[in-house]
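# Report on the structure
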Amino acid sequence: VTGVRRVQEVLAALKPDVVHAHVAHFAYAGARAGYPTIYTIHGVLAREREIYRRTLFDRLRYGLLGWYEARALRQVDRLVAISPYVLDEYAHVRADAWLRIDNPVPREFFAVEDRAEAGRILYAGSITEIKDLLTLLRAVERLTPLYPGVRLRLAGRATSAAYERQVRAYVETHGLTERVEFLGLLSREELLEEYSRCALLALSSVQENAPMAVIEAMAAGRPVVATRVGGVPDLVSEG
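Here's a quick rundown of the structure. (Residues numbered from 1 in each chain as written. Predicted model: local features only at pLDDT ≥ 70, side-chain atom pairs only at ≥ 80, totals over all residues. Heavy atoms only, no water.)

## A short note on the overall build of the chain
When helices and strands are tallied, the chain shows ten helices and nine strands. Whereas a compact globule of 239 residues would reach a radius of gyration of roughly 18 Å, the chain reaches 20 Å, a difference of no more than 12%. By its C-alpha atoms, the chain is 60 × 40 × 35 Å across when sized along the principal axes. Looking at the chain as a whole, 41% of its 239 residues qualify as buried. Sequence-distant contacts, at least 24 apart, represent 64% of the contacts inside the chain between residues at least 6 apart. When the accessible area of the chain is evaluated, it comes to approximately 12,900 Å², of which 53% is carbon and sulfur surface. Put simply, the chain has 31 plus and 30 minus side-chain charges, and the middle of one group is 5 Å from the middle of the other. (Helix = DSSP H or I, 4+ residues; strand = E, 2+ residues; numbered from the N terminus. Rg over C-alpha atoms; globule rule 2.2 N^0.38 Å. Buried < 20%, exposed > 50% of the residue type's maximum accessible area, 1.4 Å probe, protein only. Contact = heavy atoms within 4.5 Å. Areas by Shrake-Rupley, 256 points an atom, 1.4 Å probe, with all protein chains shown as cover. Lys, Arg positive; Asp, Glu negative; His and termini not counted. Charge placed at Lys NZ, Arg CZ, Asp CG, Glu CD.)

In structure tokens, the structure reads:
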């Protein structure tokens, strides 16, 4: 709520020709401030809201975000979909307002050298409930007797401290400390190195739109193992 007000104040000082927002509440701020506003949708809020229901804070947070999104969808000048999945999920909203602009991939990812190491699995993304890393850890646990060299590298920052504690506790209590490494948030160069050396990228999310990790891995020539959710089937073909 305070962020929306602050953005409106900044816009009043800047007097921009166009506002381009990537989240609903700032798209609402741009439209309310009276500037031509474009809203690029990165996450399908209604689907995410089904996942984040465990705490009162989450329910209030997504209720408020839903309020902002409903108004932003009506008030902005243009809506941008980064995948066919977004167009399907928002098919009921203003058919004339949409543009389709997919996520771009920097050229460096296409130039990644193939130095794949057997058994080295990369996860690239935040540590939060929607990514369902506990499922990925269970998969590694099941792989270990079959592939003793398997190891998982988690690249990304935690956006849910409570879920990070669950993930770390699982690693500790299930004897995976030698198999799983938490890398934290990586620089572009460090991430390219991880793509170069991984055998595959794994993504076990319960909800996704057009995940950059999948797109980057494919640009780098890496196989992808991912859950069939959201917009992932638009990117990954079975087999």
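## Comments concerning the sheet that holds strand E3 (residues 78-81)
Taking strand neighbours across the sheet as the criterion, the four strands line up as E1-E2-E3-E4 in an open arrangement whose pairing is parallel. With one partner strand each, in any of the chains shown, strand E1 (19-21) and strand E4 (98-100) form the two edges of the open sheet. Between one strand and the next, the sheet's axes are offset by a mean angle of 25°, whatever the strand orientation. Across three bridges, E1 lies against strand E2 (residues 37-41) in parallel orientation. By the bridge assignment, Val19 is partnered in E2 with Thr37. Contacts from helix H2 (residues 24-32) reach E1 and E2, with the element oriented near 170° to E2. (Pairing = 2+ DSSP bridges. Axes fitted to C-alpha atoms, helices over the stretch in contact; angles between N-to-C directions.)

## Remarks on the packing of helix H6 (residues 133-143) against helix H7 (residues 161-173)
The interhelical angle for the contact between H6 and H7, taken along N-to-C directions, is 10°, at an axis separation of 10 Å. Considered as vectors, H6 and H7 are oriented roughly parallel to each other. On H7, the residues that touch Leu133, Leu134, Leu137, Arg138 and Glu141 of H6 are Tyr163, Gln166, Val167, Tyr170 and Val171. Per-class residue counts for the contact of H6 with H7 are seven nonpolar, one polar and two charged. (Parallel < 35°, antiparallel > 145°, perpendicular 65-115°, else oblique. Nonpolar A, V, L, I, M, F, W, Y, C, P; charged D, E, K, R; others polar.)

## Section: the pairing of E2
In terms of residue burial, E2 counts as a mostly covered element, since four of its five residues are buried. Note that the unit made of E1, H2 and E2 has a crossover that is right-handed. Relative to E3, E2 is paired through four bridges, and the arrangement is parallel. Among the inter-strand pairings, Thr40 is bridged to a residue of E3, identified as Val80. (Right-handed = clockwise from strand over helix to strand, strands pointing away.)

## Quick notes on the pairing of strand E6 (residues 151-155)
Buried residues dominate E6, accounting for four of its five residues. Relative to E6, strand E5 (residues 120-124) is paired through five bridges, and the arrangement is parallel. If you follow Ile121 over to E6, its bridge partner there is Leu152. For the handedness criterion, the β-α-β arrangement of E5, H6 and E6 is classed as right-handed. Here E6 runs beside strand E7 (residues 180-184); their pairing, made up of four bridges, is parallel. Across the sheet, Arg153 pairs through a bridge with Glu181, a residue of E7. At this point the chain moves from E6, through H7, to the parallel E7, and the crossover so formed is right-handed.

## Regarding the pattern of salt bridges
Should their charged atoms come close, side chains of opposite charge can pair. Scanning the model with the defined rule gives 17 salt bridges in all. When the shortest N-O distance is used, the salt bridge between Glu50 and Arg47 registers 3.4 Å. Of this pair, Glu50 and Arg47 both sit in helix H3 (residues 45-51), three residues apart, which is roughly one turn of that helix. Exposure remark for Glu50: the relative accessible area of 52% places this residue in the exposed category. (Salt bridge = Lys/Arg side-chain N within 4 Å of Asp/Glu carboxyl O.)

## Looking at unusual backbone geometry
For Lys15, which is not glycine, the phi dihedral falls at a positive 50°. On the secondary structure map, Lys15 appears in the loop between helix H1 (2-14) and E1. Here Lys15 falls in the exposed class, since its relative accessible area comes to 60%. If you check the backbone angles, Asp132 has positive phi at about 50° while not being a glycine. For Asp132, the location among the structural elements is in the loop between E5 and H6. Looking at Asp132, the relative accessible area reads 18%, which means it is buried.

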